[in-house]
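A structural walkthrough
Each chain is listed here by its residues.
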Amino acid sequence: MCQQAEFEMLCVVHGARSVAQGKPTQSLDYVSQVARGLPADGLGDASHLDVSADGLVPLPKASVDEVSLPDLHGAVLVLELPASRAGTGIPQAIHHAAWLGKYIPVGCLEVSVDETRPSSPELRSLVDPSQGWLFFARPRDDIPVPLRLPASVQDDFLKLPPILPFVGLWRSRWIQMAISPSSGYDRIARIRIYILPQDVDRRFINLTPELMKATSRLISSLNYSPACWGGAIDADRQNRPTPNSKHDLPEDQGSSPLAMFNSVPSPDPHPELEPDPDTRDAMQCLLDSQLCGLTTKLYPYQGRSAALMVQREEQPGRTIDPRLRSALDQEAKPWYYDEVSGSVLREPRYYDGLRGGILAEEMGTGKTLICLALILSTKHEPTKAPEPFVAETPARSKKASLMDMAAATANRRSIPWRPYFEAYAAQYGYEFQHCIRALTHPENRALYKVRNILVEPRKSIRIAPLVVPPKEVYLSCTSLIIAPDNLVKQWQSEIDKHTTGLQVLVLAKKEQIPPITVLLDYDIILFSETRFERIQRERMDAEGKASDIYCPLEHIRFKRCIIDEGHKLGNRGWKWKSDVMMVIDRLEIAARWVVTGTPSRGLYGVDPQPPVAGGTAGNGNARGGLQSTKRQEREDLQRIGNLAIKFLKVRPWANTKEEAGDSVADWKVYVMHPSRHAHGHGPHDCLKRALDSLIIRHRLSDISTLLPPVDEKIVLLDGSYQDKLSLNLFSMMIIFNSVQSQRTDMDYFFHERQRKSLIQLVKNLKQASFFGGVFFSADDIAKSINTAEEFLQKKAVKISRDDENLLTEAIAFAKIAAKNKLKDISNKYHTMPLYLEGFPGGSGRRWSLDDDDDDDDEGDGKAICTDAGMIYALQRFLNPCLDAPTSLRVMIESGRLDRQGEAERSHILLAATDTTNNSTAQPARASSLAGNTPLGEDHHSKPKSGVLEKAIQSLAGADTASPGSHVEIAEPLAKTRIISTISAKLSYLIDAIIRYQDEEQIIVFYENNNIAYYLASVLEILQIQHLIYARAGLDANRRAQYVTTFTHSPRFRVLLMDISQAAFGLDMRSASRIYFISPVLNPQVEAQAIGRARRISQQKPVSVETLVLRGSIEEVIVNRRRQMTHAEHSKVKSILDDRHIYQWILNAKIIPMPADDEDGVAQTALLTAPQSIFGRGFGRQIDPNEGLVMGNPEAKAHTNTKLGAIGMDEAVRVPFKPSRGLKRPQSPSPSPSTQGMQGPNGGTDESAPKRRLHVAFTV
């Protein structure tokens, strides 16, 4: 074997030849240690010998620490052994070293020697410091006796509780153990654990669940300290393996999902690194904004995002299984482990990268344009057959021509042939029509066949087996887009505005889906969400079972699927799937994208910059907090997980039990931290890697300078006398109820079973900050006073001195409120009073709502109390006399004007009485509450949701004018002006809208439908053209028309929008001034609303004002919003969920009232500039479609867009039927002046004048 006599053995271990030489200095166990490159204390001299043609050549001596397997490759290592043991067990030792080399040295298991109760000399001798590492030996192990742990000692150790759970692993050869007793000081035995990775000798490994669980437990029980592995006594404990990646976060360095979302790296694509030239060119064109068909220049950040999207689609690459954590073993070599499942690998497991993701750019930064740029960049590149399918062409009925065969080959190989023909046509005028016809011929289209391997033909002797034909799926260049119903028009507008040459099919209602041959010719198929869901509903039979119905979409492999506002797919539970998801699961899609600015409620962009100067610090701080509750974090991660699993199909999270060769990965377990979920084990770095791989977005600091500045401020208003009166009425009712119910039992407002009553009370209380005069009639107040006084007189219940004072103060205020005439008018006529000055003829007593004015001979010339409905009727009645002073004088002197006023007033009272009598719900609730305390009620006639024919729009004609413009207004009419309203907020809004409407478009956000009604009524009589984007009553088509009209028509200056509709991706960049009628507690809802106007294409700074009434609950809401953290905001679903606001309502106080009890105008809020109510067009009947933009004004002739259910022609034909009005039916009193008045259908209306306010409002 070797010529040197002293050599006993020469063998090769891991490519190295190890030579053991009998010398009296070393122990035999160092054979395995040095062969594995492990440190061996006291080894002595070791020489490296290089093997060359001439034989053995000595190398310089090296220390044992420098010895490693790479150093030993092709070399001879001379080990000195004691002479007494020379020639004993050398072959077994070296074989054992080779076998042990397959294991991973991971860490040590620490066991107290005292637990063994040592009784044998062998066991007691383990505390001898001179002993080395001894191995646990199984019966068939080829381990030399000197390296074995004595059998009796081994048996005692295997019975110890710390080792017992892992005995099965050892016996199954999953692990190897070696023990090094302590030096006798701490009496702790350290057991080295070597784990056999599952990707080594896999054929010998039986992966039983019990052993996998034991491995998982073992990994979490070891001490991974290198010092402990070396046998050090005072080594610090290391509970986790040494990380192999600098990106791994320490366990104590936790970070919230919100912080991780905002730290996702901004896109930084590198096209020069892409191997595919088509992908490289597409990315470069996006970065340079040089795309054929794109008419808008991309911002640099938009190009980067689109380029990264192309890269993910075309070259997704491979990713390491996110369940695996990379670590370094005791030899500083990488290994991978899954602590949850117990998997241990020497080499990582890979998955194909995600083709798609979540485009989560900030609101208003042009996500739609980014998607269109993505589509254009790969417009001509067809999809390829996914593995393991192979593209083919349909069977031919006859022999093909050479051109057909060439065309079929090009299609099978997914060659983008269109750019070549387009280039030739553009440069040389060659059209190659025959070639194009061959390439698009159905027989030359490429397809692949999908067979259901789980369905086997049923065998039968008599009947031939039924063979299920495979599904044929055609390759295409088509992109599928699914958008919310109200955003379909906006997508069309963006396509027409920013692109040319795209073939677009829009399917939004109930039209049939075209056949495959037609669909393949389109670049984009744009579905409304409702129409796409209908595909699934059409499959369901009467019993709710799915039937097999042919759908052309299932036979096309789409280039990509883009779901706008796709965060909704993440809602609900893990197993629930929407109709949209069920349809998508049956489609063949190459890439999947979710487009949303906020993937979840708690994940949004946080501006790192301080709040804008002049803005409200509270808003910025509330939005800038990065702390959130564990509950909110859990919900956010669950929604992200739903998107990743159900739609994006991200491996391994989308693995199923039916898949062979892989395991199911539970998102909750691997991604969620234990602090967020009971079963969570996910480390923070796993969550960060998951978010980074899913989300494409720029950090707000990278794009904030491109967005227009926002000036946010709180406008604190002093309420009018009537405002304070309304607020105090609610405080009075709360005090009456609290004291008389003793704040207990079910008749208490705040009892848990009165939750619905409390919610209604708070809703009315918030409305009272705008206008609350309609709440609580004089009879309601009188009954409450009598009940409270009887309660005090009887003294049947003992109350505290403080409660007695509260009740006394409330009774005193109630008596003042019961006598207030203006409050009684508001409730009696169910309206918001306004004051007019300069009434035509000097006397407006018959048009006044104040009954006392009828007998007041001195009332001529003073301001009269009326409402918007009366003013509108007055405008219509006097419209023929607008520029005819003589006719006006005759009408006044003849008394016809007074008679008409009496008729109108009688009609208002009748309508208000009917409304009160029809409401029976409140008395039932009030009767169950202590102190005869009603909740308050405000009702208006409301059309049913979705009935567009009954909606009425405030669309005044283009020929409207203010007094003195275009026509000379009769002098008595020109002097008639509104001087005040009963609401401080309404007066402020009217002044502001009048001031800014000529230069800026305005959005007013409201929460309460009644508030929108009152505001719209006043805007109507002032001829301020506006639209109302309400939550109910408008279909998607009409909503889209409103957005288009407001954006592109200069006539409409104001849009009233329900705050709940502000989070649906609407683009209203034409508006630059925003008013919140009431403060919003949740800053994210407010940010979404502001985002409608704060967009990348906005040319003006955005001004935002939030109106707050001093001393009201609104002031408490604003103060709380400044103080609340993100964690507190995430807990609060309504203002009642916040303890501070709840306590404020619970302990309501009476606001001090002004000492001056003068009635009339003094109790209202004066307008800064009184507003005329007569002008050309004021009060005229109008068509509901007048002024609406019925198409896309930015549409280009070269864009081929085929419209389905929302086509341009159909959009114009919107039926309209006149409504009975928002409040009252028509007046029964006829008037000669109305003869010949134009009716709603263009004819004459010979009936009595109809008292209707035409406002764009439906609820």
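Here is what the cut-offs are and how they apply
- Residues numbered from 1 in each chain as written.
- Predicted model: local features only at pLDDT ≥ 70, side-chain atom pairs only at ≥ 80, totals over all residues.
- Heavy atoms only, no water.
- Helix = DSSP H or I, 4+ residues; strand = E, 2+ residues; numbered from the N terminus.
- Buried < 20%, exposed > 50% of the residue type's maximum accessible area, 1.4 Å probe, protein only.
- Contact = heavy atoms within 4.5 Å.
- Areas by Shrake-Rupley, 256 points an atom, 1.4 Å probe, with all protein chains shown as cover.
- Core = buried A, V, L, I, M, F, W, Y, C linked by side-chain atoms within 4.5 Å.
- pLDDT = per-residue confidence, 0-100.
- Phe/Tyr/Trp six-rings, centres within 6.5 Å; stacked < 30°, edge-to-face > 60°.
- Lys NZ or Arg CZ within 6 Å of the ring centre and 35° of its normal.
- Salt bridge = Lys/Arg side-chain N within 4 Å of Asp/Glu carboxyl O.
- Pairing = 2+ DSSP bridges.
- Expected span 1.5 Å × (residues − 1).
- Axes fitted to C-alpha atoms, helices over the stretch in contact; angles between N-to-C directions.
- Parallel < 35°, antiparallel > 145°, perpendicular 65-115°, else oblique.
- Left-handed = near helix turned anticlockwise from the far one by under 90°.
- Nonpolar A, V, L, I, M, F, W, Y, C, P; charged D, E, K, R; others polar.
- Patch = residues over 30% accessible without salt bridge, like charges linked within 9 Å, V, L, I, M, F, W, Y side chains within 5 Å.
- Polar contact = N/O pair within 3.5 Å; in protein donor to acceptor, adjacent residues only side chain to side chain.

1. As for the overall build of the protein chain
Of regular secondary structure, the protein chain possesses 42 helices and 39 strands. The buried share among the 1259 residues of the protein chain stands at 55%. Partitioning the intrachain contacts of the protein chain with sequence separation of at least 6 by distance along the chain shows that 78% fall at a separation of at least 24. Of the roughly 54300 Å² of accessible surface on the protein chain, 51% is carried by carbon and sulfur atoms.

2. Some remarks on the nonpolar core
In this structure, Met-732, Phe-750, Phe-770, Leu-878, Ile-978, Leu-1015 and Leu-1056 are the most contacted members of the largest nonpolar core, which totals 115 residues. The element best represented in this core is helix H25 (residues 721–740), accounting for ten residues. Leu-298, Leu-502, Val-1104 and Leu-1188 belong to the second largest nonpolar core, which has 62 residues in total.

3. Looking at unusual backbone geometry
Each neighbour pair has its own omega, and for Glu-387 with Pro-388 the value is 5 degrees, a cis peptide bond. Along the chain, the position of Pro-388 falls in the loop between helix H12 (367–377) and helix H13 (402–412). With an omega dihedral of 5 degrees, the bond running from Arg-651 to Pro-652 counts as a cis peptide bond. Along the chain, Pro-652 falls in the loop between helix H21 (630–647) and helix H22 (667–670). One non-glycine residue, Arg-173, adopts positive backbone phi at about 65 degrees. You can see Arg-173 is positioned in the loop between helix H6 (167–171) and strand S8 (175–180). Residue Arg-173 is classed as partly exposed on the basis of its relative accessible area, which comes to 31%. Of note in this structure, Phe-776 is not a glycine but carries a positive phi near 65 degrees. Here Phe-776 shows up in the loop between helix H26 (755–768) and helix H27 (778–794). On the accessibility criterion, Phe-776 (2% relative accessible area) is buried.

4. Details of the confidence of the model for the protein chain
In the predicted model, the protein chain carries a mean pLDDT of 76, and 72% of its residues have values of at least 70. Least confident of the elements in the protein chain is strand S1 (residues 7–13), whose mean pLDDT is 32; most confident is strand S22 (residues 556–558), at 96. Contacts from residues 608–626, a stretch scored under 50 in pLDDT, to residues over four places away or in other chains number 43 contacts. Note on residues 920–927: pLDDT under 50 across the span, and nine contacts to partners over four residues away in sequence or across chains.

5. Side note on the packing of aromatic side chains
Across all of its chains, the model carries 25 aromatic pairs by this definition. Taken together, the ring pairs in this structure connect Trp-417, Phe-421, Tyr-424, Tyr-428, Tyr-430 and Phe-432 into an aromatic cluster. For the cation-ring pair, Arg-592 lies above Phe-647, with the distance from its terminal atom to the ring centre recorded as 5.7 Å.

6. Describing the pattern of salt bridges
Once their charged atoms are close, side chains differing in charge can pair, the charge on each being opposite to the other. As enumerated under the stated definition, the model contains 41 salt bridges in all. When the shortest N-O distance is used, the salt bridge between Arg-560 and Glu-313 registers 2.7 Å. Of this pair, Arg-560 sits in strand S23 (residues 560–564) while Glu-313 sits in helix H11 (residues 300–314), placing them 247 residues apart in sequence. Given the relative accessible area of 1%, Arg-560 is considered buried. Residue Glu-313 is classed as buried on the basis of its relative accessible area, which comes to 5%. Two residues, Arg-537 and Glu-533, come together in a salt bridge whose shortest N-O distance is 3.8 Å. Placement of the pair is Arg-537 and Glu-533 together in helix H18 (residues 529–539), with a separation of four residues, close to one helical turn. Here the salt bridges share partners, and the residues they tie into one network are Lys-713, Glu-1000, Arg-1073 and Glu-1105.

7. Focus on the pairing of S23
With five of five residues buried, S23 is to be regarded as a mostly interior element. Residues of S23 alternate between two faces, with Arg-560, Ile-562 and Asp-564 on one and Cys-561 and Ile-563 on the opposite face, all of them buried. Where strand S19 (residues 479–483) and S23 come together, four bridges link them in parallel fashion. When the bridges of S23 are listed, Ser-479 appears paired with Arg-560. Two elements, S23 and strand S25 (residues 592–595), share four bridges in a ladder whose sense is parallel. By the bridge assignment for S25, Ile-562 is matched with Trp-593.

8. Description of the sheet that holds strand S12 (residues 325–328)
Taken in spatial order, the four strands line up as S10-S12-S13-S14 in an open sheet, and their pairing is antiparallel. In this open sheet, the two strands that pair with only one neighbour each are strand S10 (242–243) and strand S14 (343–345). Judged from the two bridges that link them, S10 and S12 form a sheet pairing that is antiparallel. Residue pairing in the sheet places Pro-243 in a bridge with Ala-327 of S12.

9. Quick word on the sheet that holds S8
The strand order S6-S9-S8-S7 describes an open sheet built from four strands, whose pairing is antiparallel. Two strands in the sheet have a free side with no partner beyond their single neighbour: strand S6 (104–112) and strand S7 (134–135).

10. Concerning H25
Spanning 20 residues, H25 covers 28 Å between terminal C-alpha atoms, matching the ideal 28 Å at 1.5 Å per step. Taking burial as the measure, the 20 residues of H25 include 19 buried ones, the bulk of the element. Positive phi shows up at Gln-742, right after H25, with a value of about 55 degrees.

11. Description of the packing of H11 against H12
At a closest axis distance of 9 Å, the pairing of H11 and H12 adopts a crossing angle of 50 degrees. What the angle tells us is that H11 and H12 run oblique. Between H11 and H12 the crossing geometry is right-handed. Together, Gln-302, Ser-305, Ala-306, Met-309, Val-310 and Glu-313 of H11 and Leu-369, Ile-370, Ala-373, Leu-374 and Ser-377 of H12 make up the contact between the two elements. The residue inventory of the contact of H11 with H12, partitioned by class, reads seven nonpolar, three polar and one charged.

12. Concerning a nonpolar patch on the surface
The grouping of Tyr-420, Tyr-424, Tyr-428, Tyr-430 and Phe-432 at the surface amounts to a nonpolar patch, some 590 Å² of accessible area in total. One can find Tyr-428 in helix H14 (residues 418–428). Under the relative-accessibility criterion, Tyr-428 is labelled exposed at 51%.

13. Focus on the pairing of strand S20 (residues 503–507)
Of all five residues making up S20, four are buried, and the element is well covered by its neighbours. By the bridge criterion, four bridges tie S20 to strand S21 (residues 524–528) in an arrangement that is parallel. Following the sheet pairing, Val-506 is matched in S21 by Leu-526.

14. Focus on the environment of Ser-1070
Examined against the element boundaries, Ser-1070 turns out to sit in the loop between strand S33 (1054–1058) and strand S34 (1071–1076). Among the residues examined, Ser-1070 registers a relative accessible area of 22% and is labelled partly exposed. Taking the C-alpha atoms as reference points, Ser-1070 and Ser-1049, 21 residues apart in sequence, are found 9.7 Å from one another. What Ser-1070 contacts, discounting residues up to four positions off in sequence, is Gln-1001, Phe-1046 and Thr-1047. Within the local environment of Ser-1070, its side chain forms a polar contact with the side chain of Gln-1001, the two groups lying 2.7 Å apart.

15. A word on the side chain of Thr-866
Checked against the element boundaries, Thr-866 lands in strand S29 (residues 864–866). In this structure, Thr-866 is in contact with Met-832, Pro-833, Leu-834, Leu-836, Trp-847, Leu-849 and Ile-871, ignoring residues within four places of it in sequence.

16. Structural notes on the side chain of Ser-1103
Among the secondary structure elements, Ser-1103 is positioned in strand S35 (residues 1102–1109). At a separation of 3.2 Å, a polar atom in the side chain of Ser-1103 contacts the side chain of Arg-1073. The contacts of Ser-1103, once residues within four sequence positions are left out, are Asp-711, Ser-1072, Arg-1073 and Ile-1074.

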